[in-house]
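Commentary on secondary and tertiary structure
Chain by chain, the residues:
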Amino acid sequence: MVCTCHRCRMRCCPSSMLHLLRCVRSRSCIRRGRNRLPLWIRETWCYMRLLLQSLYFNSLTDSDVVFDSVFEPVFWTVDYVTRWFGTVFVCLVVILTSSIVVIAYMVLLPLVLNTYSPAWIAWHVCYGHWNLIMIAFHYYKAAKTSPGYPPTEKNDTPFVSVCKKCIMAKPARTHHCGICNRCILKMDHHCPWLNNCVGHFNHRYFFSFCLFMTLGCVYCSISGRNLFLDAYNAIETNYQTSAPPYTFKDKMINKSIIYMWVLTSTVGVALGALTIWHAVLISRGETSIERHINGKETERMAKWGKVYRNPFNYGRLNNWKIFLGVEKRSHWVTRVLLPSGHTPYGDGLTWDIFPVKKDLIPV
């Protein structure tokens, strides 16, 4: 009787059950070891299972999370290509702009000096060189000026969230750039034509470059319209006649004028649309990223019967004053119409109402 009870206790003992499970597990491992797959295949399979489970296991999953997860390889490829081709885009901007300047000096300027009146000559020379200086200055500053980065060391700066990629505190209006692989203060977007991010400290340079480049393209397109029509008709007439009435130099001049007019007109339309869009955003006191965020926030608040108000919108005129750094009337000339390297208001970490002028609208 004692023996029977002792056997029953042995059968029900947890240590005996644990020993049995270990035996079963060891046998299954031996069987699994015979058909073991290569390590890289098992790691890839486990990673794919983890990605698949993350799509439906997270309670906060929505359409944006699924979209970002599915297209993550595409985003990574675009970021990688943009990062490495940034220098190529900058060289392309310099080459195309330089080609227009060479044509203007070698082809257009002699025609202007020989045909226009002294008043028109003075206008074209002064405006053309002023526009060229503004384009070169603002492009250089936009490409070389750091957009601004949040501190990497612990401090008392207020923050609104933590970047899940940098694992660092993010101040207000700060966003992570996948191409630069770091957070940017008041990030607007990453511009491949600058090979740099557009942020707090170079946003004004970027917009000024777009504005003056658009004005320069429109100027070349309008002033060279008649020259373009004459050059185009000359080439068409030359192709239709049997004997070539133009020399090689005349042909190259005509083709250069056509190239200049087509390029400046195309860039003027495309860049002009981008400039107008950024002007609208500046008037509203928001960046390109904040436009998307504020739109979603407006829809969310509307469902609750409330109206969302952008906390960084100080009124149209005040937004432009803060963006351009205008503190008095003379700054519209010295800081807007002339090259100026003044820094923007604030450090990009905290955002308050800056007393630019007494007519600032209090919020």
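Keep in mind that this is a model prediction, so the values were computed, not measured.

The helix and strand inventory of the protein stands at 12 helices and six strands. Looking at the protein as a whole, 32% of its 363 residues qualify as buried. Long-range contacts, defined as pairs at least 24 residues apart, comprise 62% of the intrachain contacts of the protein with a sequence gap of at least 6. Within the structure as shown, the protein displays about 24400 Å² of accessible surface, and the carbon and sulfur contribution to it stands at 66%.

On the surface, a cluster of nonpolar side chains totalling about 560 Å² of accessible area is made up of Val 66, Phe 67, Val 70, Phe 71, Val 74, Phe 75 and Val 78. Looking at the nonpolar patch, the elements with two or more residues in it are α4 (63-70) and α5 (72-115). The partly exposed category is assigned to Val 66, whose relative accessible area is 32%.

Next up on the list: empty space enclosed by the protein. Throughout the structure, instances matching the rule amount to one cavity of 30 Å³ or more. Estimated volume of the largest cavity: approximately 290 Å³. Arg 173, Lys 186, Asn 319, Ile 322 and Phe 323 are the residues nearest the centre of the largest cavity, which is lined by 23 residues in total. Only α7 (203-223), α9 (248-284) and α11 (316-324) provide two or more residues apiece to the lining of the largest cavity. Taken together, the residues that form the lining of the largest cavity break down as 12 nonpolar, seven polar and four charged.

The next thing to look at is the layout of surface pockets. For the largest pocket, the calculated volume is near 1600 Å³. Considering only residue class, the lining of the largest pocket consists of 19 nonpolar, nine polar and 13 charged. If you go around the second largest pocket, you meet 42 residues; those closest to its centre are Ile 100, Gly 216, Cys 217, Cys 220 and Thr 264. Listed by contribution, the elements that provide at least two residues to the lining of the second largest pocket are α5, α6 (118-144), β5 (189-191), α7, α8 (225-240) and α9. At 13 residues, the largest contribution of residues to the lining of the second largest pocket is made by α5. For the lining of the second largest pocket, the residue count by class is 31 nonpolar, 11 polar and no charged.

Inspection of every chain in the model, using the stated rule, returns 13 aromatic pairs. Where Tyr 127 meets Trp 130, the ring centres are 5.7 Å apart and the plane angle is 50°; that geometry is what we call tilted. You can see Tyr 127 and its partner Trp 130 sitting in helix α6, three residues apart, about one turn around the helix. Taking the centre distance of 4.2 Å and the plane angle of 15° together, the rings of Phe 228 and Trp 261 count as stacked. Remark: Trp 261 occurs in helix α9 and Phe 228 occurs in helix α8; sequence separation between them is 33 residues. Residue Phe 228 is classed as buried on the basis of its relative accessible area, which comes to 13%. On the accessibility criterion, Trp 261 (21% relative accessible area) is partly exposed. Aromatic rings pair up to connect Trp 123, Tyr 127, Trp 130, Phe 212 and Tyr 219 into one cluster. A cation over a ring is seen here: Arg 173 above Trp 351, with NZ or CZ 4.6 Å from the ring centre. Directly above the aromatic system of Tyr 149 lies the positively charged group of Arg 182, at a separation of 3.6 Å from the ring centroid.

Criteria and thresholds
Residues numbered from 1 in each chain as written. Predicted model: local features only at pLDDT ≥ 70, side-chain atom pairs only at ≥ 80, totals over all residues. Heavy atoms only, no water. Helix = DSSP H or I, 4+ residues; strand = E, 2+ residues; numbered from the N terminus. Buried < 20%, exposed > 50% of the residue type's maximum accessible area, 1.4 Å probe, protein only. Contact = heavy atoms within 4.5 Å. Areas by Shrake-Rupley, 256 points an atom, 1.4 Å probe, with all protein chains shown as cover. Patch = residues over 30% accessible without salt bridge, like charges linked within 9 Å, V, L, I, M, F, W, Y side chains within 5 Å. Salt bridge = Lys/Arg side-chain N within 4 Å of Asp/Glu carboxyl O. 1 Å grid on protein atoms, 1.4 Å probe; cavity = no way out; pocket = protein on both sides within 12 Å on 5 of 7 lines; lining within 4 Å. Points joined across faces, edges and corners; volume = space filled by probe spheres on them. Nonpolar A, V, L, I, M, F, W, Y, C, P; charged D, E, K, R; others polar. Phe/Tyr/Trp six-rings, centres within 6.5 Å; stacked < 30°, edge-to-face > 60°. Lys NZ or Arg CZ within 6 Å of the ring centre and 35° of its normal.

So far we have only geometry, and geometry alone does not tell us how the molecule works.
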